Amino acid sequence: MARELFLSYWTRGVNPFEGEQRAREGGISSQESEFLRFLVQGATDEQAARKLGVSMRTVRRMAARLSEQVGASGRFELGVRAAQRGWVD
């Protein structure tokens, strides 16, 4: 029973350092990943800033940087392109 429980958790586990590794490889940081998750859930900049514990200016800079990185011209397109790259589930 304990083995089965372990295996079920093991298969669902995630690498806690994956975000930092992706950032080093030209991907996105864990904070940017969280921002994108809020974005695709429909959160406003204000809501995302509050949830991330950062300023509105930081959220807007993240959005601008990510949009430039993927060649998106708007928030919706940013969400679509981020999903295509596997940055959000």
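Residues numbered from 1 in each chain as written. Predicted model: local features only at pLDDT ≥ 70, side-chain atom pairs only at ≥ 80, totals over all residues. Heavy atoms only, no water.

(A) Highlighting the overall build of the protein chain. For the protein chain, the helix and strand inventory stands at six helices and zero strands. Helices and strands appear in the protein chain in the N-to-C order α-α-α-α-α-α. Buried residues in the protein chain amount to 30% of all 89 residues. For the protein chain, contacts bridging at least 24 residues in sequence account for 42% of all contacts bridging at least 6. When the accessible area of the protein chain is evaluated, it comes to approximately 6400 Å², of which 53% is carbon and sulfur surface. (Helix = DSSP H or I, 4+ residues; strand = E, 2+ residues; numbered from the N terminus. Buried < 20%, exposed > 50% of the residue type's maximum accessible area, 1.4 Å probe, protein only. Contact = heavy atoms within 4.5 Å. Areas by Shrake-Rupley, 256 points an atom, 1.4 Å probe, with all protein chains shown as cover.)

(B) A look at helix α3 (residues 30–40). Every buried residue belonging to α3 is among E32, S33, F35, L36, F38 and L39, and all of these are buried. In the stretch just after α3, G42 is the one whose phi turns positive, near 95°.

(C) Highlighting a nonpolar patch on the surface. Taken together, the side chains of F6, L7 and W10 make up a nonpolar region of the molecular surface, amounting to roughly 360 Å² of accessible area. In this fold, W10 is placed in helix α1 (residues 2–12). With relative accessibility at 62%, the residue W10 sits in the exposed group. (Patch = residues over 30% accessible without salt bridge, like charges linked within 9 Å, V, L, I, M, F, W, Y side chains within 5 Å. Salt bridge = Lys/Arg side-chain N within 4 Å of Asp/Glu carboxyl O.)

(D) Structural view of the pattern of salt bridges. The final tally for this structure, using the stated rule, is six salt bridges. The salt bridge involving D45 is made with R75; its shortest N-O contact spans 2.6 Å. In this pair, D45 is assigned in helix α4 (residues 45–52) and R75 in helix α6 (residues 75–84), connecting sequence segments 30 residues apart. Between E77 and R81 there is a salt bridge whose closest N-O contact spans 2.7 Å. Here R81 and E77 lie together in helix α6, a separation of four residues that amounts to about one turn. By relative accessible area, which is 31% here, R81 ends up partly exposed. Linked through salt bridges whose partners overlap, the residues forming this network are D45, R60 and R75.

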